[in-house]
Amino acid sequence: MGEKLISAVAIAAKTHPRKENKSIQYGTAGFRTKASDLDHVLYRMGLLAVLRSKVKEATIGVMITASHNPEEDNGVKLIDPLGEMLEQSWEAHASQIANSSDENLKGTLDELIKTLNIDMAKDAYVFVGRDTRSSSPALADAVIEAVTALGGLVQDFGIVTTPMLHYFVVCKNTNGEYGKPTPEGYFFKLSTAFKKLRGKNTSNGKYIPDISFDGANGVGASKMKELQACISEYLNVKIFNSGEGRLNHQCGADFVKVQQKAPKGVPTRENVRSVSVDGDADRIVYYYIDKEQVFHLLDGDRIATLLASYFMELVKASCLKLNLGLVQTAYANGSSTNYIAKTLKIPVACVPTGVKHLHHKAQEFDIGVYFEANGHGTVCVAKSASEMIAQAASDEKLEVNQRESAQRLQTLVDLVNQTVGDALSDMLLVETVLHARGWDIADWLATYSDLPNRQMKVTIQDRRVIQTTDAERQCISPPGLQETINEIVKMYEQGRAFVRPSGTEDVVRVYAEATTQSNADRLAAEVARAVHETAGGIGNPPPV
Ligand code: G16
């Protein structure tokens, strides 16, 4: 086995050398940077995936994508055995291996193998998937070469959405209990649950089974086509931005959420529910244009509240003693948090950005609904809760209504990709709830009113100088910045603002909300200027 490691490291230096002395960190969602800087990182992540697989004695996933970032970027995230994001303690190992010099790589790996007591004689299995970026095939090859060099077995799924790969990994490691680890298995599971929940009536009340789908010119579009083939009699999906334009360029979930406008490439159809997904289809936002041509966004907060309220309704109707909670980040609109706590009366928690944080918090509940405002989220159902639901669903002694509610809840759980946010599964969940309630999109919007908000980006010399605490709501470095933000925020009615370094782009993000759009815009601009002045801004300060 030692020989395999020696030759794998030799291949690293010869074929996948670390060309520059640039440091890179495993961030919010793995490594992300210019694709041209990633070859050595991907090869090394192939090596790490083998080590992880040996430690966990399970299949590990490697997804090559830069999701919402522009086409020229790329990235990689590792997927743990139950389809979750890589365990946090291993992020440090990943960064250490990625940043090691070619000469030190063998020493770094030896050290890790020794410290973690990894039995190199164990087998290793790695699933690989990639998005549609032109740089992705070569990066996938680098991963595959590394896994093979270390004696691991690879299954290459080619172009898939990120959540599909997460799903394959959990299916494989639970011996099919969660479903079949194939694209067909994935589409079958989702479409079967969706059709069962919908029944024969595709319309209901104000609900019309017609939707526009913005695929961000990425993998989401082709996978939506495959899903559509299974559900076409139940939902009419018109697909746009399916690869004819540039990936994520003026389209996709991130563009629609941040710019608060409709994407390019999707014809306006008044009052029609429309969705935008991102470059690897793990995020989704809804929007529509009303007859006055006003754009309305229904983001991750809206999806969270809709799903949580429906799950709660079914839990109550089936008389199950299950605790349900909702997890958000600082980006959640203040109105949504109020609505959850005061109207829905559901416990709500706030954690730092990154689905890994939300996912773990959500697992503390029997049913944990989590969503980032940007549309990234899902529902986690504890094993014990699933068992209770299944038991109630088949309990002949229960009243019919109680039992049927439990049956519906059980099928709803089947429609969820519990491993990670999944744009396709989330869309079918939202469509299920709207259909069940007989709602059109305006009814959904009417549940509460968002506070106007604005997001901005500031480029500074080194974004690591910005450090935060309290789920990123308070800035503790550089000194004095939080005090300045507090002074600015005080001037705005219901004003709220925070800053944080992005984990996927080389920028500092600024979020602000207030009672009017012009105030939210001005508040964001003033805070952005404070960041620029205090934290080493590059270029001209943002205009206020
Ligand atoms: C990733 C993460 C999300 C996060 C987003 C932005 O999304 O998975 O949890 O909200 O990046 O992160 P940041 O503000 O740190 O750049 P995606 O869709 O790009 O994988």
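Because the structure is a prediction, the values reported are computed rather than measured.

(A) Seen up close, the site of the ligand. As a matter of local geometry, the ligand sits amid 18 residues, with Thr28, Ser67, Ser502, Gly503 and Thr504 nearest to it. Within the shell around the ligand, the residues separate by chemical class into 2 nonpolar, 10 polar and 6 charged.

(B) View of the pairing of strand S19 (residues 508–513). Summarising burial for S19: 6 of the 6 residues are buried, a large majority. The side-chain alternation of S19 yields two buried faces, one formed by Val508, Val510 and Ala512 and the other by Arg509, Tyr511 and Glu513. By the bridge criterion, 6 bridges tie strand S15 (residues 453–458) to S19 in an arrangement that is antiparallel. Bridge pairing in S19 places Val458 opposite Val508. For strand S18 (residues 496–501) and S19, the ladder comprises 6 bridges, and the chain directions are antiparallel. Bridge pairing in S19 places Arg500 opposite Arg509.

(C) Inspection of the environment of Leu297 at higher detail. Structurally, the position occupied by Leu297 is in strand S10 (residues 295–298). Owing to 21 C-beta atoms within 10 Å, Leu297 belongs among the buried residues under this scheme. Considering only alpha carbons, one finds Leu297 and Lys261, 36 residues apart in sequence, at a separation of 7.9 Å. Residue contacts for Leu297: discarding those within four places in its chain leaves Val256, Lys257, Gln260, Val285 and Tyr287.

(D) Local environment of the sheet that holds strand S4 (residues 125–130). Reading across the sheet, the 5 strands line up as S1-S3-S2-S4-S5 and stay open at both edges, with mixed pairing between neighbours. The sheet terminates laterally at strand S1 (31–34) and strand S5 (153–159), the two strands that pair on one side only. For this sheet, the mean angle separating the axes of adjacent strands, direction not counted, is 15°. Note: S4 against S5, 5 bridges, orientation parallel.

(E) Structural context of the UniProt feature "binding site: substrate" (unreviewed entry) in the protein chain. This chain's UniProt record puts "binding site: substrate" (unreviewed entry) on Glu372, Ala373, Asn374, Arg500, Pro501, Ser502, Gly503, Thr504 and Arg509. Structurally, Ala373 can be placed in the loop between strand S13 (367–371) and strand S14 (377–381). We classify Ala373 as buried; it has 27 C-beta atoms within 10 Å. The contact partners of Ala373, leaving out residues within four places of it in the chain, are Asp299, Gly300, Asp301, Tyr331, Ala332 and Asn333. Tracing the backbone through its elements, the reader meets Gly503 in the loop between S18 and S19.

(F) How the structure looks around helix H17 (residues 481–490). Of the positions making up H17, those classed as buried are Leu481, Gln482 and Ile485. In a view along the axis of H17, the buried residues occupy a sector of 95°, so they form one face of it. Facing away from the buried side of H17, by more than 90 degrees, are the exposed residues Glu483, Asn486, Glu487 and Lys490. Against the buried residues of H17 lie strand S17 (474–477), S18 and helix H18 (517–534).

(G) Seen up close, the nonpolar core. Core analysis: the biggest nonpolar cluster contains 135 residues, and Val126, Val143, Leu307 and Val369 have the highest contact counts within it. Beyond its immediate sequence surroundings of up to four residues, Val143 is in contact with Leu42, Met45, Gly46, Val62 and Val128. Ranked by size, the runner-up nonpolar core spans 28 residues in total, among them Leu451, Val510, Ala524 and Ala530.

(H) Up close: the domain arrangement of the protein chain. Assigned domains within the protein chain: domain 1 (2–159), domain 2 (186–298), domain 3 (301–419) and domain 4 (453–534). Each of domain 2 and domain 3 was reduced to a C-alpha centroid, and the two centroids are 23 Å apart. At the junction of the two partners, domain 2 supplies 15 residues and domain 3 supplies 9 residues. Counting residues per element, the ones that place at least two in the side of domain 2 that touches domain 3 are helix H7 (183–198), helix H9 (252–259) and strand S9 (284–289). At 6 residues, H7 tops the list of elements feeding residues into the side of domain 2 that touches domain 3. Of the residues that constitute the side of domain 2 that touches domain 3, the class distribution is 9 nonpolar, no polar and 6 charged.

(I) Examining the sheet that holds S9 more closely. Strand order in the open sheet formed by 5 strands is S7-S6-S8-S9-S10, with mixed pairing between adjacent strands. A single partner strand is all that each edge strand has here, and the edge strands are strand S7 (236–240) and S10. Taken pair by pair, the neighbouring strands of this sheet meet at an average axis angle of 25°, ignoring direction. Bridge count for strand S8 (residues 273–277) against S9 is 4 bridges, and the pairing is antiparallel. Across the sheet, Val275 pairs through a bridge with Tyr286, a residue of S9. With respect to the sheet, helix H15 (residues 423–437) is in contact with S8 and S9, its orientation differing from that of S9 by roughly 50°.

(J) Layout of the packing of helix H10 (residues 300–317) against H15. Where H10 contacts H15, the two axes come as close as 10 Å, and the packing angle between them is 60°. In terms of axis orientation, H10 runs oblique to H15. Pair H10 / H15 crosses with left-handed handedness. Residues Ile303, Leu306, Leu307 and Tyr310 of H10 form the contact with H15, whose participating residues are Asp426, Leu429, Val430 and Val433. Partitioning the contact of H10 with H15 into residue classes produces 7 nonpolar, no polar and 1 charged.

Calculation notes
- What you see as residue numbers is a count from 1 along each chain, following the sequence as written.
- Residues qualify for local features only when their pLDDT is at least 70, as the model is predicted, and side-chain atom pairs are given and counted only at 80 or more; totals for whole chains, interfaces and linings, by contrast, use all residues.
- For each residue, a C-beta atom is placed from the backbone, and the residue is labelled near a molecule or strand when this atom is within 6 Å of it.
- In this classification, the charged set is Asp, Glu, Lys and Arg, the nonpolar set is Ala, Val, Leu, Ile, Met, Phe, Trp, Tyr, Cys and Pro, and all remaining amino acids, among them Gly, are polar.
- With C-beta atoms placed from the backbone, a residue counts as buried when 20 or more other C-beta atoms lie within 10 Å of its own, as exposed when 12 or fewer do, and as partly exposed for counts between those limits.
- Put simply, DSSP marks the helices as runs of H or I at least four residues long and the strands as runs of E at least two long, and each gets a number from the N terminus on.
- Here, any two strands with at least 2 DSSP bridges between them count as paired.
- Contact criterion: two residues are in contact if their C-beta atoms, reconstructed from the backbone, are within 7 Å.
- Working convention: axes come from line fits to C-alpha atoms, limited for helices to the stretch in contact. Angles between N-to-C directions cover 0 to 180 degrees.
- UniProt positions are given in the numbering used here, feature names are shortened, and annotations may be inferred rather than shown by experiment.
- Directions pointing from the helix axis toward each C-beta atom define the arc.
- By convention in this section, buried Ala, Val, Leu, Ile, Met, Phe, Trp, Tyr and Cys residues joined through C-beta atoms within 7 Å make up a nonpolar core.
- Domain start and stop positions are those given by an automatic or database domain assignment.
- For classification purposes, angles smaller than 35 degrees are called roughly parallel, those larger than 145 roughly antiparallel, those between 65 and 115 roughly perpendicular, and all remaining angles oblique.
- Crossings are assigned a handedness: left-handed for a near helix turned anticlockwise from the far helix by less than a right angle, right-handed for a clockwise turn.

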